[in-house]
Amino acid sequence: MSNDDNTSNTTSTIWGGRFKAGPSAVMEEINASIGFDKRLYAQDIRGSRAHAKMLAAQGILTEADVDAILQGLSEIEGEIEAGSFEFSRALEDIHMNVENRLREKIGDAAGRLHTARSRNDQVATDLRLWVRDALDGLDGALKDLQAALIERAQEHAGSVMPGFTHLQAAQPVTLGHHLLAYTEMLGRDRSRVRDCRARLNECPLGAAALAGTSFPIDRDMTAHALDFHGPTQNSLDSVSDRDFALEYLSVLSILAVHLSRMAEEMVIWASQQFAFVRVADDFSTGSSIMPQKRNPDAAELVRGKAGRVFGALMGLLAVMKGLPLTYGKDMQEDKEPVFDAHDTMELCVTAMTGMFRGAIFDVERMKADAGKGFTTATDLADWLVRVAGLPFRDAHHVTGALVAVAEDKGCGLEDLSLQEMQNVNADITEDIFDVLGVENSVASRTSLGGTAPDNVKAQAAQARERFLK
């Protein structure tokens, strides 16, 4: 992507007169990055505009040259957006492709644009701008997914389902409560997005190749023109830092974990053995051989693509771990993993939003399963503590004995007679049956963050205020 250059030479070898022969075909192949870094064209042109205006303001370039440069850059941007721009591998990267085209349009003034900068600080600036834009887009996409979850949580604030630990039925909860758990996960993801954006929002432009420049530039001017909060403070660090890219990939990797967990539950719930949900047709596929099959493939792909994002992070960590200051061509390997992970997660977030908006939940099936596995046993133990005055460990023992009785009979705790319960503990009264039904169980969980339907309605309203305003 870059070399330690500060030249405007337009010979066949862009490094200028240092070399007598051009690169071999193999060298050109391994060196060229235009195949992927052309995605930086908008950021590259924006940075060049800011740099040119600063050079004019400082009297380094004439107003006439800068006017020509700005006009030429606008025309080039239009050509790229229209698809008529011809990218050249021989020119290596987006910077030299734009500069070469600019020279074709306006002549020698194009070569003056590179005064007081290097491709090293140029690409560092471009990639920061691109990642910043990507973070803003990601925040919006996550907000849309949260909106879908909150909407469905409000709809199902009182829909009872089994809550699990160890994937074993544990206690009844509501579907709305479960969906709001995902909303909280995504809220943390969005806070990491904001943190990452704040840390990267310093401008490297003006660090030049590595040591700064002898020209009287105004780095504050270019930083503010590009909406950074200020310039980076050390020129060596400016061109060698890719923490922002690593942090972006870290943000995406944690998000991938969350989406994969959501997708895993969608896959499980959609199975015939659970049958809690029917994934909408537009996010399902069939089988080429088994006509009865209805596969939640979108969820499975979201789950699978998490590994791809993890790989992008590990790959860039490996690239950066042994690099001495400052720039090394190794760092050309920073863009492809960032671009690929971004595209992957953008697609996954959109898919999950569509899946949850269109999901059809079988609330009767979930309610029936919520009572299986003695899920109200904890309610019975709590009643023994609260009403009968037993220490919790004693109440736990009594409840375990009653579960054993119910297991032997093949019935639920609520189906035991009062006499059968009193045979285990004489302090049990008729009031015990008020806590044993699954709806009674969830209604009793009124502590902050609990699953009681009234709680869930309030939590959904609060989540709307916290995340969607």
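Residues numbered from 1 in each chain as written. Predicted model: local features only at pLDDT ≥ 70, side-chain atom pairs only at ≥ 80, totals over all residues. Heavy atoms only, no water.

A. Expanded view of the overall build of the protein. Within the protein, the secondary structure is distributed over 19 helices and 4 strands. Against the globule reference of 23 Å for 469 residues, the protein gives a C-alpha radius of gyration of 31 Å, more extended than a compact globule. With respect to the principal axes defined by its C-alpha atoms, the protein has extents near 100 × 50 × 40 Å. Per-residue burial over the protein gives 49% buried out of 469 residues. Excluding contacts between residues fewer than 6 apart, the proportion of contacts in the protein whose partners are at least 24 apart in sequence is 75%. If you sum the accessible surface of the protein, you get close to 21200 Å²; carbon and sulfur atoms cover 51% of it. Where the 48 positive side-chain charges of the protein centre and where its 69 negative ones centre are 2 Å apart. (Helix = DSSP H or I, 4+ residues; strand = E, 2+ residues; numbered from the N terminus. Rg over C-alpha atoms; globule rule 2.2 N^0.38 Å. Buried < 20%, exposed > 50% of the residue type's maximum accessible area, 1.4 Å probe, protein only. Contact = heavy atoms within 4.5 Å. Areas by Shrake-Rupley, 256 points an atom, 1.4 Å probe, with all protein chains shown as cover. Lys, Arg positive; Asp, Glu negative; His and termini not counted. Charge placed at Lys NZ, Arg CZ, Asp CG, Glu CD.)

B. Local environment of the environment of Arg 103. By the secondary structure assignment, Arg 103 is in helix 5 (residues 94-106). Between the C-alpha atoms of Arg 103 and Ala 209, which are 106 residues apart in sequence, the distance is 22 Å. Within the local environment of Arg 103, its side chain forms a polar contact with the side chain of Asp 108, the two groups lying 3.2 Å apart. (Polar contact = N/O pair within 3.5 Å; in protein donor to acceptor, adjacent residues only side chain to side chain.)

C. How the structure looks around the packing of helix 8 (residues 175-200) against helix 11 (residues 243-270). Helix 11 packs onto helix 8 with a crossing angle of 170 degrees between their chain directions and a minimal axis gap of 9 Å. Taken together, the axes of helix 8 and helix 11 lie roughly antiparallel to each other. Broken down by class, the residue content of the contact of helix 8 with helix 11 amounts to 15 nonpolar, 2 polar and 8 charged. (Axes fitted to C-alpha atoms, helices over the stretch in contact; angles between N-to-C directions. Parallel < 35°, antiparallel > 145°, perpendicular 65-115°, else oblique. Nonpolar A, V, L, I, M, F, W, Y, C, P; charged D, E, K, R; others polar.)

D. Representation of the nonpolar core in the model. Of all hydrophobic cores here, the largest spans 96 residues; its most connected members are Val 131, Leu 138, Tyr 248, Leu 259, Trp 269 and Met 352. Among the elements that take part in this core, helix 11 stands out by supplying 16 residues, more than any other. Formed by 19 residues, the second largest nonpolar core is a distinct cluster that contains Ala 377, Ala 381, Ala 395 and Val 398. (Core = buried A, V, L, I, M, F, W, Y, C linked by side-chain atoms within 4.5 Å.)

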